[in-house]
Amino acid sequence: MVEKSSITHKSSKFDLDDLNWTNMIPECPVYHPSEQEFEHPLVYLQKIAPEASKYGICKIVSPISASNPAEFVLMKEKKDFKFETIVQPLRLSKWNEKDIITFSKRGRKFTYQEFEAIANKAFSNRFCSSEDLSSLDIEKAFWHEMIHGEKGTVEYGVNIEGSVFSCDPDDKLGTSKFNLKNLARLPQSPLRLVDRGIPGITDPMLYIGMLFSMFAWHVEDHYLYSINYHHSGGSKTWYGVPSSAASQFEKTVLNHVYCKKILAEHGENGAFQFLAQKTTMFPPNVLLQHDVPVYKAVQKPGEFVITFPNSYHAGFSHGFNCGEAVNFAIGDWFPFGAAASKRYAHLKILPIIPYEELVCKEAMLIYNSSKDRSYKSKLEVMASYCAIEQSFWHLMQYYKTSLSRLNNSRKSSSSSNTSIGSVTCSLCHRDCYVAYLLCKKCYSHPICLFHDVVPKTCLCGGKYTVFKTNDMSELEDAAKSFEQNDNRHEEKSARRTVNSARAVSSKLKTRLTDNVKHNVEKNQKKTKNRRRNNASPSVMSAKRPRTLYNLRKHESKLIIEAPAISSRFEI
Ligand SMILES: [Zn+2]
Ligand SMILES: [Zn+2]
């Protein structure tokens, strides 16, 4: 290994001149759903998830194709379509300096045809077009260029709001449920409960690339799933790391990619925060060298690539192409959503979707439909329900403990009911749906119940009151009922061989328990630090409560309103 003090140039770090490692990255699994399976995307994805998630990414080959290709849709259905590109430098960072490669430099505005022309020209300038290049040749050429490049650039149309799935009622793919415009609103999609469209998260975005246009290592917002469809053009190479190796991945970035000093200021979250800027591209051989599992996909037109929750991924294009992507969730995302929510709160990152409200609403739907005979009839639905029930139960346990602790420590504190939905904690930005503290004098500075120590009085001198959601008693009933169900399942499973859905559920339970423990420890540490620092400065800048989630994926913006209080009672 190269000593840190001797690092003078990026290429000395990874011994990149030898590109034979490109042959050593195994392929991710490829699925070929039947037309019948293709009719229920989220059920199908839930079915393959336990196996496919072990690879971080997987490929799904569409059994049907679009009758109207992307170019046709753009010409006929979006006549004035133009998009802006970003300019991407074709070089690696200088790892021993805080050298953040700017991927956000604005490019030019193009029509689809204009961009196609410059993309094809860039390709033929580099490769003789008659050459028969394999995807491995292009992969080697990409990393060779990244290692030795200094001034080369490519342009990439990213995060373009819109879709090129056809609206034509005769287009088979356009009318299918795998049309990414419809995915978020399907009955099994938790994101259907987000009451407005969020581009990139609930509504798809377009990606129009050229040879070597790339996407840097990242995980999805809120650890969501992503689904990417390749409409047309050159292939895309993807690299994916399973979520089970996410912290190993972050440690490797922290210890072996950037100089540790650069990332150390945020402790173990340093790499996560740095990577969240989506500017870190490094070759996957550094992962191979440190035993971080990494898999590869070469995505061609007509193929979907799925990225799993908290799975780091990166990649690049082999030529002019058009892809479309959106986030999605299924039941087994909830434990990841909970972990993301905790991490966001720890790092004071504004949430984009209200996790707590989603888990409560999904749990209530399961609870209310539990008398239905078809309830939990299918294994894949059962796995999904179990994940939601477990995540919800843990959340409610946390609230139960926090509320009783608060009750004991503040004998005179009062409580009110509220129906305003989610608010944002003024200390950690966590979204609170079940309960939170709020000053009754100024109705400002809500504080979540996840802090061990909170100020007794508001900055205005008013007293903090516990506000609980109106459906608190129903939520408590649901949590109790899930606990009883769970106990019954445990008894049965002790007698019987554990079926696959049950295995999924218990795995999730372990993960959740670990997460909760981890969070408690973290909160204790955080509280100690805060005590040392006296008070959190964020209280000063806190705004009035009532958060509406009206956000674009890349620009978090909060809409704040005064709370409506429906009833009051003293405790
Ligand atoms: Zn908080
Ligand atoms: Zn106040």
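Note that the coordinates shown come from a computational prediction; the quantities given were computed from them, not determined experimentally.

Chemist: When you look at the sheet that holds strand β9 (residues 236–240) in this model, what are you seeing that I'm missing?
Modeler: The strands that make up a sheet are held in pairs by hydrogen bonds between backbone atoms, and each pair lies either parallel or antiparallel. If you trace the 4 strands from one edge of the open sheet to the other, you get β7-β12-β9-β10, paired in antiparallel fashion. Each edge of the open sheet carries a strand with a single partner, namely β7 (214–218) and β10 (295–299). Going across the sheet, the axis of each strand differs from the next one's by a mean of 15°, ignoring polarity. Here β7 runs beside strand β12 (residues 313–317); their pairing, made up of 3 bridges, is antiparallel. Residue F215 lies in a different strand from β12, and its bridge partner there is G315.

Chemist: What is the right way to look at the nonpolar core in this model?
Modeler: Burial of nonpolar side chains together is a common tendency in soluble globular proteins. Core analysis: the biggest nonpolar cluster contains 144 residues, and I57, I227, I306, F328, V359, F392 and Y436 have the highest contact counts within it. It is helix α12 (residues 379–409) that provides the largest number of residues to this core, a total of 11 residues. Each residue touching I306, except ones within four places of it in the same chain, is listed here: L45, A52, I57, C58, I60, Y225 and I227.

Chemist: Is there a simple way to think about helix α4 (residues 112–126) in this case?
Modeler: For an α-helix, the turn length of 3.6 residues means that residues three or four places apart are oriented alike. Helix length check: α4 (15 residues) gives 21 Å between terminal C-alpha atoms against 21 Å at 1.5 Å per residue, within 8%. Those residues of α4 that sit buried are Y112, F115, A119 and A122. Considered in projection along α4, the buried side chains sweep an arc of 95° and stay on one side of the axis. Among the exposed residues of α4, those oriented more than 90 degrees off its buried face are Q113, E114, K121, S124 and N125.

Chemist: Explain the sheet that holds strand β1 (residues 30–31) to me, please; I cannot follow it from the model alone.
Modeler: Taken in spatial order, the 9 strands make up an open sheet running β1-β2-β11-β8-β13-β6-β5-β3-β4, and their pairing is mixed. One side of each edge strand has no neighbouring strand; the edge strands of this open sheet are β1 and β4 (105–111). Bridging between strand β8 (residues 225–233) and strand β11 (residues 303–307) involves 4 bridges; their strand directions are antiparallel. Considered in β11, the bridge of Y229 is made with F304. Along the sheet, α4 contacts β4, β5 (153–161) and β6 (205–209); its crossing angle with β4, the most-contacted strand, is approximately 115°.

Chemist: Would you explain the environment of C442 in this entry?
Modeler: Position of C442 among the secondary structure elements: in the loop between β17 (435–439) and β18 (464–469). Judged by the 13 C-beta atoms lying within 10 Å of it, C442 is partly exposed.

Chemist: Just to check I follow, could you spell out unusual backbone geometry for this structure?
Modeler: Keep in mind that most residues, glycine aside, have a negative phi and that most peptide bonds are trans. Phi at H222 takes a positive value of approximately 55°, unusual for a residue other than glycine. When you line up the elements, H222 lands in the loop between β7 and β8. For H445, which is not a glycine, the phi torsion comes out positive at approximately 50°. By the element assignment, H445 lies in the loop between β17 and β18. H445 gets classed as buried once you count the C-beta atoms within 10 Å, which come to 25.

Cut-offs applied
Residues numbered from 1 in each chain as written. Chains lettered and ligands numbered in written order. Predicted model: local features only at pLDDT ≥ 70, side-chain atom pairs only at ≥ 80, totals over all residues. Pairing = 2+ DSSP bridges. Helix = DSSP H or I, 4+ residues; strand = E, 2+ residues; numbered from the N terminus. Axes fitted to C-alpha atoms, helices over the stretch in contact; angles between N-to-C directions. Core = buried A, V, L, I, M, F, W, Y, C linked by C-beta atoms within 7 Å. Buried ≥ 20, exposed ≤ 12 C-beta atoms within 10 Å, placed from the backbone. Contact = placed C-beta atoms within 7 Å. Expected span 1.5 Å × (residues − 1). Arc of directions from axis to C-beta.

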